[in-house]
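Residue-level structural notes
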Amino acid sequence: MGKGAARTCTWTSATVVASHECFNSPYGTKYFPEYAEKIPGESTELLSQVAKECGIYLIGGSIPEEDSGKFYNTCAVFGPDGTLLVKHRKIHLFDIDVPGKIRFQESETLSPGDSFSVFDTPYCKVGVGICYDMRFAELAQIYANKGCQLLVYPGAFNMTTGPAHWELLQRARALDNQVYVATASPARDEKASYVAWGHSTVVSPWGEVIAKAGFEETVISADIDLQYLAEIREQIPIRRQRRDNLYTVEEKKN
């Protein structure tokens, strides 16, 4: 999910299906300008066709997007008729430096997005983030406040942050907001310049991992039980118990 290489995660009536797949670009700052496309473009036209042919909602990982001379890490979402529903540009750029382990600076070539990405389905409302966006609890809370019951993050954590934080962050976002969280990562390629952790995952609003891939190419699926979600929110009613008179997280209009 998230970095340069596109990952596909499709969601249907009561099932999330996540698959590891790189079809657009290697993940690396030197690759983004070379592989960047307009949207619509070759990669997103293909995703649109797949969504239409299969009659599914398709969250198409992320690809480097070029627009007016700027580059973005962008996730395109398509409806069952192939229509582009959402174009999420990664809000939080992956600029980290862990001495002796990994240094990566997306901001060397990419620009950040500046809008939230939510789309409606006949089943529930879905919020979209990309990879590093998952570290920011405020984004997930705003999505939950907008009525989202499922959050989807295409992403490619690495061999340093993956084992430490990948599952932990998903469980935290699901538990904090009482939502389902689904992630889709590329499979691991040990020969790549950026080695992904893999382990696409689906987490319940109880914070329980209900489906998880390994590091190899595979497909996983999990049921999204909205009745179960409603029961959890009623049993532990944190949304009603928040002290809005003392603190709040809110969207700012651009």
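Our subject in this report is the structure included herewith. Only a predicted model underlies this, so the values are computations on that prediction, with no experimental measurement involved.

1. Looking at the overall build of the protein chain
Within the protein chain, the secondary structure is distributed over six helices and 15 strands. For the protein chain, whose C-alpha radius of gyration is 17 Å, the value lies close to the compact-globule estimate of 18 Å for 254 residues. Considered along the principal axes of its C-alpha atoms, the protein chain spans approximately 50 × 45 × 40 Å. Evaluated residue by residue, the protein chain yields a buried proportion of 54% over its 254 residues. In the protein chain, once contacts between residues fewer than 6 apart in sequence are set aside, the share between residues at least 24 apart is 64%. Surface accessibility of the protein chain: about 11600 Å² in total, with carbon and sulfur atoms responsible for 49%.

2. Quick look at helix α5 (residues 226-235)
Along α5, the residues that are buried comprise L229, I232 and R233. Axial view of α5: buried residues confined to an arc of 95°, hence all on one face. Exposed side of α5, more than 90 degrees from the buried face: Q227, E234 and Q235 are the residues found there. Check the buried side of α5 and you find it contacts β11 (148-154), α4 (161-177), β12 (180-184) and α6 (238-241). Sitting at the head of α5, D225 places a side-chain oxygen 3.1 Å from the backbone nitrogen of Q227.

3. Regarding the environment of D95
On the secondary structure map, D95 appears in strand β7 (residues 95-98). Sequence separation between D95 and Q105 is 10 residues, and the spatial gap between their C-alpha atoms is 4.2 Å. Non-local contacts of D95, meaning those with residues more than four positions away in its chain, are made with F104, Q105, E106, S107 and Y132. In terms of polar contacts, D95 uses its side chain to reach the side chain of S107, at 2.5 Å.

4. Notes on α4
Helix length check: α4 (17 residues) gives 23 Å between terminal C-alpha atoms against 24 Å at 1.5 Å per residue, within 8%. Against the buried residues of α4 lie β7, α3 (137-145), β11, β12, β13 (201-203) and α5. One or two residues past the end of α4 sits Q178, with phi positive at roughly 55°.

5. Points about the packing of aromatic side chains
Throughout the structure, instances matching the rule amount to 12 aromatic pairs. Judged by centre distance (4.6 Å) and plane angle (10°), the ring pair of Y27 and F104 falls under stacked. In this pair, Y27 sits in the loop between β2 (15-19) and α1 (32-35) while F104 sits in strand β8 (residues 102-105), placing the two residues 77 residues apart along the sequence. The class for Y27 is buried, based on a relative accessible area of 6%. Between F94 and F104 the ring centres are 5.5 Å apart and the planes differ by 35°, which places this aromatic pair in the tilted class. Here F104 lies in strand β8 and F94 lies in the loop between β6 (84-89) and β7, a separation of 10 residues in the sequence. Given a relative accessible area of 10%, F104 falls into the buried group. These aromatic residues form a ring-pair network of at least three members: Y27, F32, F94, F104, Y132, F136 and Y194.

The rules behind each value
- Residues numbered from 1 in each chain as written.
- Predicted model: local features only at pLDDT ≥ 70, side-chain atom pairs only at ≥ 80, totals over all residues.
- Heavy atoms only, no water.
- Helix = DSSP H or I, 4+ residues; strand = E, 2+ residues; numbered from the N terminus.
- Rg over C-alpha atoms; globule rule 2.2 N^0.38 Å.
- Buried < 20%, exposed > 50% of the residue type's maximum accessible area, 1.4 Å probe, protein only.
- Contact = heavy atoms within 4.5 Å.
- Areas by Shrake-Rupley, 256 points an atom, 1.4 Å probe, with all protein chains shown as cover.
- Arc of directions from axis to C-beta.
- Polar contact = N/O pair within 3.5 Å; in protein donor to acceptor, adjacent residues only side chain to side chain.
- Expected span 1.5 Å × (residues − 1).
- Phe/Tyr/Trp six-rings, centres within 6.5 Å; stacked < 30°, edge-to-face > 60°.

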